[in-house]
Each structure stands twice: as structure tokens, then as C-alpha cells.
Amino acid sequence: MGATRALRDLVRERWARRVERTLQVGIAAMLVWGLASVNVNVVVNATAALGVTLLPGVLERDPRVRLGAGLTALVALAAFLHVAGMFGLYEALFWWDHLTHTLSAVLVAATGYATVVALDEHSDVVSFPAEFTFVFVFLFTLALGVLWEVLEFAGREAAFVVGASPVLVQYGLEDTLLDLVFDAVGALLLSVFGAGELQGLVETFVERFREPA
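What counts as what
Counting starts from 1 at the beginning of each chain's written sequence and moves along it residue by residue. Local features in this predicted model are restricted to residues whose pLDDT is 70 or higher, and side-chain atom pairs enter the listing and the counts only when it is 80 or higher, whereas totals over whole chains, interfaces and linings include all residues. The basis for every side-chain value is the complete set of non-hydrogen atoms in the structure, without hydrogens or water. Starting at the N terminus, helices and strands are each numbered in turn, a helix being any DSSP run of H or I of at least four residues and a strand any DSSP run of E of at least two. Under the scheme applied here, a residue whose accessible area is under 20% of the maximum for its type counts as buried, over 50% as exposed, and between as partly exposed, the area being computed with a 1.4 Å probe on protein chains only. Only heavy atoms matter for contacts: two residues are in contact if any of them lie within 4.5 Å across the pair. Computed with the Shrake-Rupley method and a 1.4 Å probe, the accessible areas treat only the protein chains shown as cover for residues. Basic side-chain nitrogens of Lys or Arg form a salt bridge, by our definition, when they fall within 4 Å of a carboxyl oxygen of Asp or Glu. By convention a nonpolar core is built from buried Ala, Val, Leu, Ile, Met, Phe, Trp, Tyr and Cys residues, the set being connected through side-chain atoms within 4.5 Å. The predictor reports its confidence for every residue as pLDDT, a score running from 0 up to 100. Ring pairs are drawn from Phe, Tyr and Trp, using the six-membered ring of Trp, whenever the two centres fall within 6.5 Å, and their geometry is named by plane angle: stacked under 30 degrees, edge-to-face over 60, tilted for the rest. A ring is scored as having a charge over it whenever the NZ atom of a lysine or the CZ atom of an arginine sits within 6 Å of its centre and within 35 degrees of its normal.

Chemist: What am I meant to see in the overall build of the protein here?
Modeler: From N to C terminus, the protein includes 7 helices and 0 strands. Listing every helix and strand of the protein by position from the N terminus yields α-α-α-α-α-α-α. A buried classification covers 36% of the 213 residues belonging to the protein. Considering only residue pairs separated by 6 or more positions, the protein has 71% of its internal contacts joining residues 24 or more positions apart. Accessible area of the protein: about 12,400 Å², with a carbon and sulfur share of 71%.

Shown next as C-alpha cells:
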């Protein structure tokens, strides 16, 4: 039974790695197109997205860091969909922005969840009940969502001041509120369905907490 599960996990990890590499190639192709067409928005977003997808691989060179292939593939998917949206999909498909915000919120919620659970496992002083963890992950995700919206607005206004085209587009108050709604959806999805996939990340955080200052 254990051997079967290990084989299933290995196959799953290989497929996740293939998906991750395919999405990275897609982002790189969009970056090349942006450079060839001198599209600053695409170049900036694709460069940042490619850097984000490469970061887990850099971190995992440390044998103490275990992120999991599923999580890194999700990072690549969120980054790919965001850059693809720069090719008119944000304007053409009303749900595209909702999808990318939901995926990004899942990643933020995963970080918050892993941190709380790692603290709970590491320390004998604190004990976090499941209800607290749920509320913390939810509020943590919303707080970072609000911060992102503020930075997005500030970046747009700064671009207008210097006469440049905004790298990130904000469509108004209604759009901002909808973004926060789907940030909440992402947090809920992680809390209900994704917690079991984060054991490697939790173990990494626990080891970091145990390291002497």
C-alpha cells in the first residue's frame, strides 16, 4: 500500500513539474513577443512572472526547503494566466481578472496557513485551534489583497504623473471590491481543499523556526 502511494506521488510530481516547465516556456515566449513588439507592459509583467516561477526552484536547492511540485505548478499557473491577460484577455473576458485574483489569493493563503501551522507545531507555548487558523488565513489574505490594491492604485497614479502607461490597470472602485471578493474565495478554497497539500511547506517553516537566531 505504501509503495503504491509513493509511486502515485512520484507520477503526480513528475506531471506537475512538466506543467510548471510548460508554463514557464509560455511566459518566456510572451516575454520575447513583448521585447520584439516593444510592449513595455508585457515585458515588465512577463519578466516579473518568470522570476516568480523560477524562485521556487532556487529555494529548493536548499535541501531543507520542501515546497512540493503541486504548489510550484500553481505558482507558475497564476503567473502565466496573469501575463496572458495582458494580451487583451482582462478586457475581453470579465472573469479573467477574477480567476487570476483567486489563484493568487490561494498562494497567499497557503503562505499564511503554513506559517500558523508551523508556529503551532514548533511552539509548546501557543496552540491554535482550527477555527483560529481559518480566521487568520482568511484575514491575512484579505489584508494583503487590500495592500495590493493600494499599491496598484499608487502605481497607476505615479504612472500618470510621469506621463507613462500604467503597468497594472485598475478599473475603479467596483473592480477593487470584486478583486477583494475573489481574494476571499481563494482563501476559502485553500482552507477547505488545499491544506493537505502544504505539509512540505509547513515542515520547512518548522525547521526554520527551530534554527538558532
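Chemist: For this particular structure, what's the right way to read the pattern of salt bridges?
Modeler: Pairing is possible between side chains of opposite charge, provided their charged atoms come close. Counted according to the given criterion, the structure contains 2 salt bridges. Linking Arg-17 and Glu-20 is a salt bridge whose minimum nitrogen-to-oxygen distance equals 3.3 Å. Of this pair, Arg-17 and Glu-20 both sit in helix H1 (residues 2–36), 3 residues apart, which is roughly one turn of that helix. Residue classification places Arg-17 among the partly exposed residues on the basis of a relative accessible area of 22%. Using a relative accessible area of 3% as the deciding quantity, one classes Glu-20 as buried. With a closest N to O distance of 3.5 Å, Arg-21 and Glu-20 form a salt bridge. With a relative accessible area of 47%, Arg-21 lands in the partly exposed category. Residues joined in a network through salt bridges with shared partners are Arg-17, Glu-20 and Arg-21.

Chemist: Looking at this structure, how should I read the nonpolar core?
Modeler: Counting 26 residues, the largest nonpolar core has Ile-27 and Leu-190 as its most contacted members. Among the elements of the structure, H1, helix H2 (40–59), helix H3 (69–92), helix H4 (96–122) and helix H6 (173–194) are those that each provide at least two residues to this core.

Chemist: Please clarify how the confidence of the model for the protein should be interpreted in this entry.
Modeler: It should be kept in mind that the predicted coordinates are not to be read in detail where pLDDT is low. On average, residues of the protein carry a pLDDT of 78, and 73% of them reach 70 or more. For the protein, helix H7 (residues 199–210) is the element with the lowest average pLDDT, namely 61, and H3 is the one with the highest, namely 86.

Chemist: Before we go on, may I ask you to explain the packing of aromatic side chains in this structure?
Modeler: To describe a pair of aromatic rings, one takes the distance between the centres and the angle between the planes. Inspection of every chain in the model, using the stated rule, returns 3 aromatic pairs. Measuring from ring centre to ring centre gives 5.7 Å for Trp-95 and Trp-96, while their planes differ by 45 degrees; the resulting arrangement is tilted. In this structure Trp-95 comes out as partly exposed when scored by relative accessible area, which is 38%. Overall, the relative accessible area of 10% leaves Trp-96 in the buried class. One Lys or Arg, Arg-18, reaches over the ring of Trp-15 and ends 5.1 Å from the middle of that ring.

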